Amino acid sequence: MKNTTYEVKNSDEYLSKAREVIPGGIFGHYKYAVRDSGPKFFSKSEGAYFWDLDDNRYVDLMCGYGPSILGYNNPEVEEAFQLSSDKGNTVSIASPVMVDLASKLVDMIDIADWALFGKNGGDATSLAVMIAREFTKKEKIIKIDDGYHGVAPWMQDESRPGIIPSDNQHILKVKWNDIDQLENLLQDQGDKIACFISSPYDHPVSRDNSLPEDGYWKKVTSLCKKYGVLTIVDDVRAGFRINLKGSNVTFGFSPDMICFGKAIANGHPLAALVGTNELKEAAERVYFTGTQFFSAPPMAAAIATLNELEKVDAPSKLKQYGEDLNNRLVQVAQKKGFNLIASGIPSMPYYRLEGVSFETHFQWIDECVKRGVYMLGYHNHFISLAHSLEDIDFIENAASQAFDSL
Ligand code: PMP
C-alpha cells in the first residue's frame, strides 16, 4: 500500500469559521481530540468509517466515543427510527414505544425491574444518585478517584472552571480496586453515605485501564449492603459490550441500579437507568425530566439496536475482534522495536507505548490518523460490529507505517 498521508485543509478552514461563532471552535470532549494534522469535521459516515471535509476516509476506532456499536447507519436501526418518526417525535403525550423499550430492558438486564429514560449518560448517573439519596435519606456519594460520570456539578472536580466547593461537598473518593480504603470509609461515614458509583472496570483517560481484581465487586456489594449503601454501576461506556444482561453479570455481582447510554440506540440520543423493585417507589418520587426525554424515535432505535445485539451475540464478537486487533497491533509494534500495551476490555482498548514519552505516543497516534485510522492518544478506543477483517489489515498497515515515520 502507498505511503501517503492525508491533508485536512477544508477541516482547518471550517475550524477557523467555528472559532468565530463557537467558544473554542469545538467544545466539550471533542475539543481534546483536535490535533493540527487531524480531521475536525465529518462529511458523512457509514458502517465502520467516516469521511472528513477533505474527503479522506477513516476507519473509525472511536465510534463516536461509543454509540456506534453496530456501525453508522445500521439499516435495521435506521428503519425502526424512521417508522417511529413517521408517527411522531416529541408529542404532547408519551409514546407506547417507551413502555416497549422499558419492557425490553426489564427482560434483558438481569437486575432490572423498571427503567427510566434521559438523553445523555450524565442524566442516568445524576438520576441514579438522586434516587439513592431519596431511598437512603443519606447525602454522600462514594466514587472512584478519577471515574467519569458526566458533567453535572456534583461530578466535576473543584478545580474546574464554574465549579464551587459546595458542589463537591458530599463527594468522597476511593482508589479503584482498593477494598481496604472503601471499608475504612464506610466504617467512618457509612451512616452518611447514600451510594457507591463506579464503572464496572476502571477506564480513566491517559492511563492504562484496569479490570476488577478477583472478588473485588463481591466484596464491594457486601460491604455496601452492610452499611445500607446502594451500589450503582455506571455502564454508560462499557454497557452491551461485556454482557447483554449487564456488565455486572460477567463480574459476578448484583448492583441496585445500572446506568446506560452511548451504545443503547446506536447513536440516537438516549440514556436509561434501570433498577430493582426495592427502589421503584423512591424512583417514582424523584423529579427528573427534560423536554426531549420523551422523543419516541430514539427509543424505537434502541429496541432495534438491542434486538440486533442479541441476534449476533455482540459481546463475544466484539471481544474476538478486539483481541485480534490488539494482537496484530502489539505484534507490529514489536517488529518495529516498540512495546505497545493494550489495556481494558478487548472491544474498548486503551493503547500506550511503553518506555517512550507521551509526545512520542501521541505522535504515533497522529501518524495513524494521517493514514486513515481514527484514534485518540488519551482515551480508550471502541470497536463496532461493522469493523471487518480488511479493516484490521488496513489498521495494521497504517500502524506499521506510522511506526516507521517516528
Ligand atoms: N459515565 C461514563 C462511564 C462515561 O464514559 C460517560 C461519557 N463519556 C458518562 C458517564 C457521561 O455520559 P454523557 O457524556 O452521555 O453524559
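Residues numbered from 1 in each chain as written. Predicted model: local features only at pLDDT ≥ 70, side-chain atom pairs only at ≥ 80, totals over all residues. Heavy atoms only, no water.

1. What about helix α7 (residues 216–226)?
Since the α-helix turns once every 3.6 residues, residues separated by three or four places project in the same direction. Convention followed: Throughout, exposure labels follow a simple rule: accessible area from a 1.4 Å probe, protein chains only, divided by the maximum for the residue type, with under 20% read as buried, over 50% as exposed, and the rest as partly exposed. The helix and strand labels rest on DSSP assignments: H or I over at least four residues marks a helix, E over at least two residues marks a strand, and numbering proceeds from the N terminus. Picture the helix axis, draw a direction to every C-beta atom, and the arc is the one those directions span. Any two residues whose heavy atoms approach within 4.5 Å are treated as being in contact.
Within the span of α7, buried status applies to Tyr216, Trp217, Val220, Thr221, Leu223 and Cys224. Considered in projection along α7, the buried side chains sweep an arc of 165° and stay on one side of the axis. Seen from the open side of α7, the exposed residues pointing more than 90 degrees away from its buried face are Lys218, Lys225 and Lys226. Where α7 is buried, its residues contact β5 (140–144), α6 (179–189), β7 (193–198), β8 (230–234) and α8 (247–251).

2. Side note on the nonpolar core
Here is the rule: Side-chain atoms within 4.5 Å link the members of a nonpolar core, which is a set of buried Ala, Val, Leu, Ile, Met, Phe, Trp, Tyr and Cys residues. For the domain bounds, the source is a domain assignment made automatically or taken from a database.
Leu105, Ile109, Phe196, Phe240, Ile264 and Trp364 are the most contacted members of the largest nonpolar core, which totals 101 residues. No other element matches the nine residues that helix α10 (residues 296–311) contributes to this core. When residues are assigned to domains, this core turns out to be shared by domain 1 (9–72 + 314–405) and domain 2 (75–312), each giving three or more. If we ignore the near neighbours within four places in the chain, the residues touching Ile264 are Leu105, Phe240, Leu270, Ala272, Ala302, Thr305 and Leu306. Counting residues in each nonpolar core, the second largest holds 25 residues, with Ala132, Ile197, Ile232 and Val236 among its members.

3. Some points on the site of the ligand
Keep this limit in mind: Residue proximity to a molecule or strand is established when one non-hydrogen atom of the residue lies within 4 Å of it. For the purposes of these results, a polar contact is taken to be a pair of N or O atoms within 3.5 Å, where, inside protein, one atom must be able to donate a hydrogen and its partner to accept one; residues adjacent in sequence count only when each atom of the pair is a side-chain atom. Basically, the charged four are Asp, Glu, Lys and Arg, the nonpolar ten are Ala, Val, Leu, Ile, Met, Phe, Trp, Tyr, Cys and Pro, and anything else, Gly included, counts as polar.
Contacts to the ligand come from Asn120, Gly121, Gly122, Tyr148, His149, Gly150, His203, Asp234, Val236, Arg237 and Lys262. Within the contact set of the ligand, a nitrogen atom lies 3.2 Å away from a backbone nitrogen or oxygen of Tyr148. Class assignment of the residues belonging to the shell around the ligand gives a composition of two nonpolar, six polar and three charged.

4. Details of the sheet that holds strand β3 (residues 57–60)
Condition: Pairing between strands is defined by DSSP: at least two bridges between the two strands are required.
Here we have four strands laid out as an open sheet, ordered β1-β2-β3-β13, and mixed in their pairing. At either end of the open sheet lies a strand with only one pairing partner, and these are β1 (42–46) and β13 (373–374). Bridge analysis of β3 against β13 gives two bridges, and the strand direction is parallel. The partner of Val59 across the bridge, within β13, is Val373.

5. Some points on the domain arrangement of the chain
Our working definition: Joining two parts hides part of their accessible area as seen by a 1.4 Å probe, and the buried area is that hidden amount summed over both. Every case where a carboxyl oxygen of Asp or Glu lies within 4 Å of a side-chain nitrogen of Lys or Arg is listed as a salt bridge.
For the chain, the domain assignment lists domain 1 (9–72 + 314–405) and domain 2 (75–312). On a C-alpha basis, the centres of domain 1 and domain 2 stand 27 Å from each other. Contact residues are listed per partner, giving 26 residues for domain 1 and 24 residues for domain 2. For the pair domain 1 and domain 2, the two sides together bury roughly 2200 Å², of which 58% comes from carbon and sulfur. The tally of links between domain 1 and domain 2 comes to one salt bridge. For Asp208, the salt bridge identified is with Arg352, shortest N-O distance 2.7 Å.

6. Focus on the sheet that holds β7
Under the convention used in this document: Axes here refer to lines fitted to C-alpha atoms; in helices the fit is confined to the stretch in contact. Angles between the N-to-C directions go from 0 to 180 degrees.
With respect to topology, seven strands assemble into an open sheet ordered β4-β10-β9-β8-β7-β5-β6, the strand pairing being mixed. Edge strands, defined here as strands with exactly one partner in the open sheet, are β4 (114–118) and β6 (171–174). For this sheet the average axis-to-axis angle between neighbouring strands, irrespective of direction, equals 20°. Two strands pair when backbone bridges link them, and β7 and β8 are joined in this way by four bridges, in the parallel orientation. Counterpart to Cys195 in the pairing with β8 is Leu230.

7. Thoughts on the packing of aromatic side chains
Inclusion rule: Only centres within 6.5 Å qualify two rings of Phe, Tyr or Trp (six-membered ring in Trp) as a pair; their planes then separate them into stacked at under 30 degrees, edge-to-face at over 60, and tilted for everything else. A ring has a charge above it when a Lys NZ or an Arg CZ is no more than 6 Å from the ring centre and no more than 35 degrees off the ring normal.
All chains considered together, the criterion is met by 18 aromatic pairs. Between Tyr6 and Tyr58, the aromatic rings sit 5.2 Å apart at their centres with planes inclined by 90°, giving edge-to-face as the arrangement. Of the two residues, Tyr6 is situated in the segment before α1 (9–21) and Tyr58 in strand β3; the sequence distance between them amounts to 52 residues. With 5.2 Å between their ring centres and 25° between their planes, Tyr30 and Tyr65 make a pair best called stacked. Note that Tyr30 is positioned in helix α2 (residues 28–31) and Tyr65 in the loop between β3 and α3 (75–87), a separation of 35 residues in sequence. Site record: aromatic cluster; members linked through ring pairs are Trp176, Phe196, Tyr216, Trp217 and Phe253. Over the ring of Tyr49 we find Arg57, and its NZ or CZ is 4.0 Å from the ring centre. Above the face of the Phe394 ring, Arg57 is positioned so that its terminal group lies 5.2 Å from the ring centre.

8. Some words on a nonpolar patch on the surface
To keep things clear, this is the line we draw: Patches here are clusters of residues that have more than 30% relative accessible area and form no salt bridge, with a 9 Å joining cutoff for like charges and a 5 Å cutoff for nonpolar side chains (Val, Leu, Ile, Met, Phe, Trp, Tyr). Per-residue accessibility takes into account occlusion by the displayed protein chains alone, with areas from the Shrake-Rupley method and a 1.4 Å probe.
A cluster of nonpolar side chains, contributed by Val21, Ile22 and Phe27, occupies part of the molecular surface with about 320 Å² of accessible area. With respect to the element layout, Ile22 can be found in the loop between α1 and α2. Classification of Ile22 by relative accessible area gives partly exposed; the value is 31%.

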